[in-house]
Amino acid sequence: LEGVISGPLTDTLSARLAVRQSGIDNVLTNVQNGKPLNKLRELAWRGTLRWQPSARTQLLLSAGDETIHNRDNVYTLRPYGDTAQISIPPGAMSDSRQVARYTAELNHEFDAFTLTALSGFADTDHHYTDAIYEGRTYQQLVGFQPDGSWSIRGKEKLYNQEIRLGSKPGDKVFWVAGVNLFHNDRSMERYHSYDTFYTSNPFNADTTRQFETDTQAIFGEMTVPLGSAFKLTSGLRYTWEKKTTDAHWTAKPDNPNPIRTARDSQSLSDNYLTGRLALSYALTPQVNLYGVYARGYKTGGFNDEGTNYTNGLADLPYKAATVDSYEAGFKFESTDRRLALNGALFFNKVKDDHLLAYNVATFAANTENYDTRSRGLELEGVWKPAKGWSLSAGVAYTDARISNDAAGKMGNVAKDNRVPEVPKWSGVLSISHEQALTGLPLLKSPVLHTKLSNRFVGSRPADPQNTFSLGAYSKLDLRVGLRSGNTEFYFWADNLLDKRYDLYGYYIAPYMPGGSGAQIGLPGRGRALGVGMSMNF
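Residues numbered from 1 in each chain as written. Predicted model: local features only at pLDDT ≥ 70, side-chain atom pairs only at ≥ 80, totals over all residues. Heavy atoms only, no water.

## Some points on the overall build of the protein chain
Next up, step 1: When you go through the protein chain residue by residue, the secondary structure sums to one helix and 31 strands.
Next up, step 2: Summarising its shape, the C-alpha atoms of the protein chain cover approximately 75 × 60 × 50 Å along the three principal directions.
Next up, step 3: Relative to its full complement of 537 residues, the protein chain shows a buried share of 39%.
Next up, step 4: Taken as a whole, the protein chain presents about 28900 Å² of accessible surface, with 57% of it coming from carbon and sulfur.
Next up, step 5: A distance of 5 Å separates the average location of the 58 positive side-chain charges in the protein chain from that of its 56 negative side-chain charges. (Helix = DSSP H or I, 4+ residues; strand = E, 2+ residues; numbered from the N terminus. Buried < 20%, exposed > 50% of the residue type's maximum accessible area, 1.4 Å probe, protein only. Areas by Shrake-Rupley, 256 points an atom, 1.4 Å probe, with all protein chains shown as cover. Lys, Arg positive; Asp, Glu negative; His and termini not counted. Charge placed at Lys NZ, Arg CZ, Asp CG, Glu CD.)

Okay, structure coming up:
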């Protein structure tokens, strides 16, 4: 259920309020009681004020809140079967997340440039309780369902401030320059945890973790015309960043670890330069060619679930990653704007990329460093063959591979393994139609809108070890709407053909020699149908 109301309050002040409420059963059925694992419920609202005292000045203020109960953040045994199932004690799982967001944006137009000042704050509070052992999975691994549970409370506060100056719309030379300040303060508390099967589980303990990130950056970019056909773009950003972590750990009484308490305090600082250089050429008024080189950077950090320090060892941070990317392509739009076509070739080389590997000892996915490279092509286009008809399509080929022989903490990862969760082939095809209807006397200028979209995702490896692959799938969506005046009635179908697909997957190796391993994951949702009405007034 959604509702929006907006409009002027005075000559210079206007307001908007939006509210949304939704609910859906979990995609998994709990075999222990035959009911959905839980029922997702979401309530969100956002209010916005716009103050425009003059044609050159505008201040936009917004505040909002989102509360989500029982998200789908679980796993179960693959393959899922016709009805995806999970086995945990009824009531053992609960999840509640609340996020409050506040933003302010000031824009002022001077004679020679524009000024933009952005401020943002977000406050998140997350409570989560779950059974450690999913019954079907551990029945296959060890022959029975162990008993264990944990509860986590996470809090996070984000602050962001940016001030930038830029060229005015229509200027021959585009430019922008600014500064950015960012602060993140995040904590995790694990409590009420117990494990009667694996008592030396490092999570059979009470733990508190604190993470802080402070970032300052300056940036600028300029696009300069070179003659009548060429444009040169150059942009740079210099960033200073500091991260700290502090963890306190206390073993439960039945945990046999001889270390009863432990602490891990670390910090890392980094500063780096990123940027891009691009050249475009207007071959004709309808065709533009371009080439881009960019240097990117992904900062290092600390894993949320590092546990080496509980055994007197070091929890080393993962390294920063550097990215060199190259792209060349074209953009075409016909004179009558009925046909548009874009294409690109790309190559990316990443040193110490950040990949996730599942750690069965801690039931967490931790970040590990591997060199990777990816190359491929993308092609997309829109065609309007006749009045009311539109056809859009896109296809992408990506060959993404691990390019070094790195022995990760979670198992060896071989050179030339494919990067997980990256399909070689993906694509989308969409057909839309708009038709005015006649002969309907009770409706005012009725118009029928129809849109059919199909998204294809190819087979992709589940993990860096390429233990198994997640199957290819196509997802077909449909929307049909009848608009009359300020009112629309519509029908929608999500995953119309009820295709089964994986959201993610991991492999758990056998617990004992000669035992069975297990593949775990989470299925996507099946077919959903709905009807709705919207009214503007």
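## Re the environment of aspartate 254
Next up, step 1: With respect to the helices and strands, the residue aspartate 254 is situated in the loop between β14 (230–251) and β15 (261–282).
Next up, step 2: The class of aspartate 254 is partly exposed, set by a relative accessible area of 41%.
Next up, step 3: For aspartate 254 and phenylalanine 230, which are 24 residues apart along the polypeptide, the C-alpha to C-alpha distance reads 71 Å.
Next up, step 4: With sequence-adjacent residues up to four places away left out, aspartate 254 is seen in contact with Asp195, Thr199 and Asn204.
Next up, step 5: Within the structure, the side chain of aspartate 254 is placed 3.3 Å from the side chain of asparagine 204, a separation counted as a polar contact. (Contact = heavy atoms within 4.5 Å. Polar contact = N/O pair within 3.5 Å; in protein donor to acceptor, adjacent residues only side chain to side chain.)

## With respect to the confidence of the model for the protein chain
Next up, step 1: For the protein chain, mean pLDDT is 93; residues scoring 70 or higher make up 98% of the total.
Next up, step 2: Put simply, strand β21 (residues 406–408) is where the protein chain has its lowest mean pLDDT, 60, and strand β17 (residues 321–333) is where it has its highest, 98. (pLDDT = per-residue confidence, 0-100.)

## Topic: the sheet that holds strand β4 (residues 35–36)
Next up, step 1: In space, the three strands of this open sheet follow the order β4-β3-β8, with mixed pairing throughout. The open sheet has two edge strands, β4 and β8 (85–86), and neither has a second partner.
Next up, step 2: One ladder, built from two bridges, connects strand β3 (residues 29–30) with β4; its direction is antiparallel. Along β4, the bridge assignment pairs asparagine 30 with lysine 35. (Pairing = 2+ DSSP bridges.)

## With respect to the sheet that holds strand β29 (residues 502–508)
Sheet strands associate in pairs through backbone hydrogen bonding, adopting either a parallel or an antiparallel arrangement.
Next up, step 1: Spatially, β7-β30-β29 is the arrangement adopted by the three strands of the open sheet, whose pairing is antiparallel. With one partner strand each, in any of the chains shown, β7 (76–77) and β29 form the two edges of the open sheet.
Next up, step 2: Strand direction decides the pairing type here: β29 and strand β30 (residues 518–523), joined by six bridges, are antiparallel. Bridge pairing in β30 places tyrosine 507 opposite glutamine 519.

## Observations regarding the nonpolar core
Next up, step 1: Within the largest apolar cluster, 32 residues are counted, with the highest numbers of intra-cluster contacts made by Leu28, Leu37, Val74, Ile88, Tyr138 and Phe363.
Next up, step 2: Looking at this core, the elements with two or more residues in it are β10 (114–131), α1 (135–142), β11 (148–166), β29 and β30.
Next up, step 3: Residue contacts for isoleucine 88: discarding those within four places in its chain leaves Asn30, Gln32, Leu37, Met93, Asp130, Ala131, Tyr133, Glu134 and Gln145. (Core = buried A, V, L, I, M, F, W, Y, C linked by side-chain atoms within 4.5 Å.)

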